[in-house]
Amino acid sequence: MSDVFWAHASAIVDDGAQLGAGTKVWHFSHVCAGARIGDNCSLGQNVFVANDVTIGHGVKVQNNVSVYDAVTLEDDVFVGPSVVFTNVFNPRAAVPRKAEYRRTLVRRGASLGANSTLVCGATVGEYAFVGAGAVVTKDVPAFALVTGVPARQTGWISRVGEKLALPVRAVDGAEAVCPASGERYRLVAGALLPLD
């Protein structure tokens, strides 16, 4: 990672933080010393990034998001406005639990809709899509569309974010074509796989 990044005058980037080339840190944001952020990322207004956070390349974090310790965002992840991350499963103000942080992993290309919440310990699979306001309490499969409280799978989604014409419980071998990209997908052993 390069240290050629841009930060607004109101932003705070602590000494020791690593930010890649082309990354932008907007108004009133704070990046802590231990954070590792890749190239060409965008951290919107009022974003906080803690020490034990890794953010890949091309990640977009919209306004009013706190990315707490023990969170990893892989390349090309989209984090919508006011998404909530957690790192303690059973918090109490009077009981220190820093040694009990549960890691949260958001895999490459996934999108987290506005105001969604990720309860710590979950993994969101590659190119999955978490709908606005959803509360993720368990792992989300790759290419899954999840919505609601708690989040439940309501469909399958392509790499470019288009809903695929496949039922959630489709039989193995079922196929669909992305209406935007023309990419083909097949369900194999309960997982959706791109064929192109």
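Residues numbered from 1 in each chain as written. Predicted model: local features only at pLDDT ≥ 70, side-chain atom pairs only at ≥ 80, totals over all residues. Heavy atoms only, no water.

Visitor: Help me understand the nonpolar core in this model?
Guide: The nonpolar side chains of a soluble globular protein tend to be buried with one another. The biggest cluster of nonpolar side chains holds 38 residues, and the ones touching the most others in it are Leu-73 and Phe-85. Residue assignment for this core shows that the elements contributing at least two residues are β9 (53–55), β12 (71–73) and β21 (144–147). Contacts of Phe-85, omitting those with residues within four sequence positions, involve Val-65, Ser-66, Val-67, Tyr-68, Val-71, Leu-73, Val-79, Thr-104, Val-106, Leu-112 and Leu-118. Judged by nonpolar contacts, the second largest core, of 12 residues, contains Leu-166, Tyr-185, Leu-187 and Leu-192. (Core = buried A, V, L, I, M, F, W, Y, C linked by side-chain atoms within 4.5 Å. Buried < 20%, exposed > 50% of the residue type's maximum accessible area, 1.4 Å probe, protein only. Helix = DSSP H or I, 4+ residues; strand = E, 2+ residues; numbered from the N terminus. Contact = heavy atoms within 4.5 Å.)

Visitor: Explain the pattern of salt bridges to me, please; I cannot follow it from the model alone.
Guide: Two side chains bearing opposite charge may form a pair once their charged atoms approach each other closely. Enumeration according to the criterion identifies 9 salt bridges in this entry. For Arg-103, the salt bridge goes to Asp-52, with nearest N and O atoms at 3.0 Å. Of the two residues, Arg-103 sits in the loop between β14 (84–85) and β15 (104–106) while Asp-52 sits in the loop between β8 (48–49) and β9, which places them 51 residues apart along the sequence. Taking the relative accessible area as the measure of exposure, Asp-52 reaches 35% and is therefore partly exposed. The closest approach of N and O atoms between Asp-75 and Arg-108, which form a salt bridge, is 3.4 Å. Taken together, the residues Asp-75 in the loop between β12 and β13 (78–79) and Arg-108 in the loop between β15 and β16 (111–112) connect sequence positions 33 residues apart. Here the residues in one salt-bridge network are Glu-175, Arg-184, Arg-186 and Asp-196, joined through shared partners. (Salt bridge = Lys/Arg side-chain N within 4 Å of Asp/Glu carboxyl O.)

Visitor: What's the story with the sheet that holds β15 in this structure? I'm lost.
Guide: Sheet strands pair via backbone hydrogen bonds, and the direction of the pair is either parallel or antiparallel. Read across the open sheet, the 6 strands follow the order β3-β6-β9-β12-β15-β18; overall the sheet is parallel. The open sheet has two edge strands, β3 (18–19) and β18 (123–124), and neither has a second partner. Bridge analysis of β3 against strand β6 (residues 36–37) gives 2 bridges, and the strand direction is parallel. Looking at β6, one finds that Gln-18 is bridged to Arg-36. (Pairing = 2+ DSSP bridges.)

Visitor: Is there a simple way to think about the environment of Asp-14 in this case?
Guide: For Asp-14, the position within the fold is in the loop between β2 (12–13) and β3. Asp-14 sits 116 residues away from Val-130 along the chain, and the two C-alpha atoms are 31 Å apart. Filtering out sequence-adjacent residues up to four positions away, Asp-14 remains in contact with His-30, Val-31, Cys-32 and Ala-33. Of note is the side chain of Asp-14, whose polar atom sits 3.1 Å from the side chain of His-30. (Polar contact = N/O pair within 3.5 Å; in protein donor to acceptor, adjacent residues only side chain to side chain.)

Visitor: I tried to follow the side chain of Ser-158 on my own but got confused; where do I start?
Guide: By the element assignment, Ser-158 lies in the loop between β22 (152–156) and β23 (175–177). Those residues in contact with Ser-158 that lie beyond four places of it in its chain are Tyr-127, Phe-143, Leu-164, Cys-178 and Tyr-185.

Visitor: What is the right way to read the packing of aromatic side chains from this model?
Guide: Aromatic ring pairs: the centre-centre distance and the angle between the two ring planes describe each pair. Counting across every chain of the model gives 4 aromatic pairs. Ring centres of Tyr-127 and Phe-143 lie 5.6 Å apart, and the angle between their planes is 15°; on these two criteria the pair is classed as stacked. Within this pair, whereas Tyr-127 is found in the loop between β18 and β19 (129–130), its partner Phe-143 is found in the loop between β20 (135–136) and β21, the two being separated by 16 residues in sequence. Taking relative accessible area as the criterion, Tyr-127 reaches 17% and is therefore assigned buried. Take Phe-143: its relative accessible area is 4%, and that puts it in the buried class. In this structure an aromatic cluster arises from ring pairing among Tyr-127, Phe-143 and Tyr-185. Here the guanidinium or amino end of Arg-102 rests over the ring plane of Phe-89, the centre of that ring lying 4.2 Å away. (Phe/Tyr/Trp six-rings, centres within 6.5 Å; stacked < 30°, edge-to-face > 60°. Lys NZ or Arg CZ within 6 Å of the ring centre and 35° of its normal.)

Visitor: Mind showing me how you'd approach the pairing of strand β25 (residues 191–194) here?
Guide: Put simply, side chains in a regular strand alternate between the two faces of the sheet. Examined bridge by bridge, strand β24 (residues 184–188) and β25 share 4 bridges and lie antiparallel to one another. The partner of Leu-187 across the bridge, within β25, is Leu-192. Taking the residues between adjacent antiparallel strands as the criterion, β24 and β25 are bridged by 2 residues, where Ala-189 takes a positive phi near 55°.

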